Amino acid sequence: MPALHLSASTPDLAHAAGILARGGLVAFPTETVYGLGADARQDRAVAGIYAAKGRPSFNPLIVHLADLDAARALVHWTDAAQALADAFWPGPLTLVLPLREGAGISRLVTAGLDSLAVRLPAAPVAQALLRAFGGPVAAPSANRSGQISPTRARHVLDGLGDRIDAVVDGGPCAVGVESTILGLTGSPTLLRPGGVPEEAITRVLGTPLAHRRDGDGITAPGQLQSHYAPHARVRLNAVDFAPGEARLGFGPVDCDLNLSPSGDLTEAAANLFEHLHRLDASDATVIAVSPIPHVGLGVAINDRLSRAAAER
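Since the structure is predicted, the reported quantities are computational estimates derived from the model, not experimental observations.

Conventions adopted
Residues numbered from 1 in each chain as written. Predicted model: local features only at pLDDT ≥ 70, side-chain atom pairs only at ≥ 80, totals over all residues. Heavy atoms only, no water. Helix = DSSP H or I, 4+ residues; strand = E, 2+ residues; numbered from the N terminus. Rg over C-alpha atoms; globule rule 2.2 N^0.38 Å. Buried < 20%, exposed > 50% of the residue type's maximum accessible area, 1.4 Å probe, protein only. Contact = heavy atoms within 4.5 Å. Areas by Shrake-Rupley, 256 points an atom, 1.4 Å probe, with all protein chains shown as cover. Lys, Arg positive; Asp, Glu negative; His and termini not counted. Charge placed at Lys NZ, Arg CZ, Asp CG, Glu CD. Phe/Tyr/Trp six-rings, centres within 6.5 Å; stacked < 30°, edge-to-face > 60°. Core = buried A, V, L, I, M, F, W, Y, C linked by side-chain atoms within 4.5 Å. Pairing = 2+ DSSP bridges. Axes fitted to C-alpha atoms, helices over the stretch in contact; angles between N-to-C directions. Parallel < 35°, antiparallel > 145°, perpendicular 65-115°, else oblique. Left-handed = near helix turned anticlockwise from the far one by under 90°. Nonpolar A, V, L, I, M, F, W, Y, C, P; charged D, E, K, R; others polar.

Draft legend 1. Structural view of the overall build of the chain. Helix and strand counts for the chain come out as 10 helices and 15 strands. Taken against the 2.2 N^0.38 rule, which gives 20 Å for 312 residues, the C-alpha radius of gyration of the chain at 19 Å falls within 12% of a compact globule. For the chain, the spread of C-alpha atoms along the principal axes amounts to about 60 × 50 × 30 Å. Put simply, the chain has 312 residues, and 56% of those count as buried. The contacts of the chain with a sequence gap of at least 6 include a subset with a gap of at least 24, amounting to 67%. Roughly 12600 Å² of accessible area belongs to the chain as shown, and the carbon and sulfur atoms make up 52% of that amount. Averaging the coordinates of the 25 positive side-chain charges in the chain and doing the same for the 30 negative ones gives two points 3 Å apart.

Draft legend 2. Just the packing of aromatic side chains, in detail. Here the structure, examined in full by the defined rule, presents one aromatic pair. Between the aromatic rings of Trp77 and Trp89, the centroid separation amounts to 5.8 Å while the plane-to-plane angle is 40°, which identifies the pairing as tilted. Linking Trp77 in the loop between helix H3 (68-72) and helix H4 (79-88) with Trp89 in the loop between H4 and strand S5 (93-98), this pair joins segments that are 12 residues apart in sequence. With respect to burial, Trp77 and Trp89 carry one shared label: buried.

Draft legend 3. Layout of the nonpolar core. Formed by 49 residues in total, the largest nonpolar core has its most connected members in Leu95 and Ile164. Mapped by element, the contributors of at least two residues to this core are strand S3 (34-39), helix H2 (43-53), H4, S5, strand S6 (115-119), helix H7 (153-160) and helix H8 (198-205). Looking at this core, the element that brings in the most residues is H2, giving five residues. Those residues within four positions of Ile164 in sequence are excluded, and the remaining contacts are Ala3, Leu25, Ala27, Leu36, Ala52 and Val156. In terms of nonpolar packing, the next biggest core, distinct from the first, is built from 27 residues, Ala269, Leu272, Leu276 and Ile301 among them.

Draft legend 4. Region of the structure containing the environment of Gly176. Mapped onto the secondary structure, Gly176 falls in the loop between strand S8 (166-168) and strand S9 (180-183). According to the relative accessible area criterion, Gly176 is buried, its value standing at 0%. When the C-alpha positions of Gly176 and Ala229 are compared, they lie 15 Å apart, and in sequence the two are 53 residues distant. If we ignore the near neighbours within four places in the chain, the residues touching Gly176 are Glu31, Thr32, Val33, Thr151, Ala269, Ala270 and Phe273.

Draft legend 5. Here's a closer look at the sheet that holds strand S1 (residues 4-6). Across the sheet, 11 strands lie side by side as S1-S8-S2-S3-S7-S4-S6-S5-S9-S10-S11; this open sheet has mixed pairing. Every interior strand has two partners, whereas the edge strands, S1 and strand S11 (210-211), have only one. Summarising the sheet, S5 and S6 pair through four bridges and their orientation is antiparallel. The residue of S6 that forms the bridge with Val96 is Ala117. Along the sheet, H2 contacts S3 and strand S7 (137-138); its crossing angle with S3, the most-contacted strand, is approximately 145°. Where H4 meets the sheet, its contacts fall on S5 and S9, and the angle it forms with S5 comes to roughly 160°.

Draft legend 6. Structural view of the packing of helix H1 (residues 10-21) against helix H6 (residues 124-133). Running from amino to carboxyl end, H1 crosses H6 at an angle of 55°, the nearest separation of the two axes being 9 Å. Between H1 and H6, the angle falls in the class oblique. In this structure, H1 crosses over H6, and the sense of that crossing is right-handed. Between H1 and H6, the contacting residues are Leu13, Ala16, Ala17, Leu20 and Ala21 on the first element and Val125, Ala128, Leu129, Ala132 and Phe133 on the second. Split by residue class, the contact of H1 with H6 holds 10 nonpolar, no polar and no charged.

Draft legend 7. Geometry of the sheet that holds strand S12 (residues 233-235). The parallel open sheet is built from four strands, whose spatial order is S12-S15-S13-S14. Bordering the open sheet on either side are S12 and strand S14 (257-258), each of which pairs with just one other strand. Two elements, strand S13 (residues 246-249) and strand S15 (residues 286-289), share three bridges in a ladder whose sense is parallel. Its bridge partner lying in S15, Leu248 is registered against Val289.

Listed below in structure tokens is the structure:
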């Protein structure tokens, strides 16, 4: 049965919240990408996320919450977490903190780890759905595992429309790349670059961040080497283009689609997954991507592109 295509109206959000309460799967827009939500307390519901996405069960999930008190109830809070929440929540920052005993979160959410990734999304539709539901919602990106993340309801319907219960359509996502994930179970550690640049986090904490090393185990979502991938092969740092390649540009270059003709990294992040979807639909066998500056949001863009280009 195809997924319901719901609006962001109050009655439709109440309908979506009811589906979540019954253990169903609902995709919804955050400011980063569309998430595939399930009640984080119900094992069967969370297992449905893994089944729908074809996601490896060792890859943990982010729990989305309506307010700060809800986050504090699930994890052991710290001064650093409070400073970061004051600066960036609601917004595209996920914090990984020690899980409270008796928090009631399914072990499938944490993939057996003793920590939990939590976030307060800023998108009004996500906030309204979370308030209507009144509980923790586990929500990875609403796409098949390893494929391009969805930034529009149409992307979700095309990829998962026969595997989930409903999609709440809130229009395109404003940020367009997933949240930054910061580990706070020890020294502050950047586990995944994303919508909040590392430099901004460092300014708040007053100390440089540690970085996850290649070869470390999976400690947070989005760390699989091959991820966010189109069907076409991705060629990075392309300063010229071969015949037959789909050309994804940045800055003043001749191309098929341009992430930002003016070289604006915020615009490029917002366009990244939509442009990859569109070029992949052209049946090109290779997508050649212009160099992206490795600063600010460019770090997150390059992270997603390098995973899209990885061996599969």
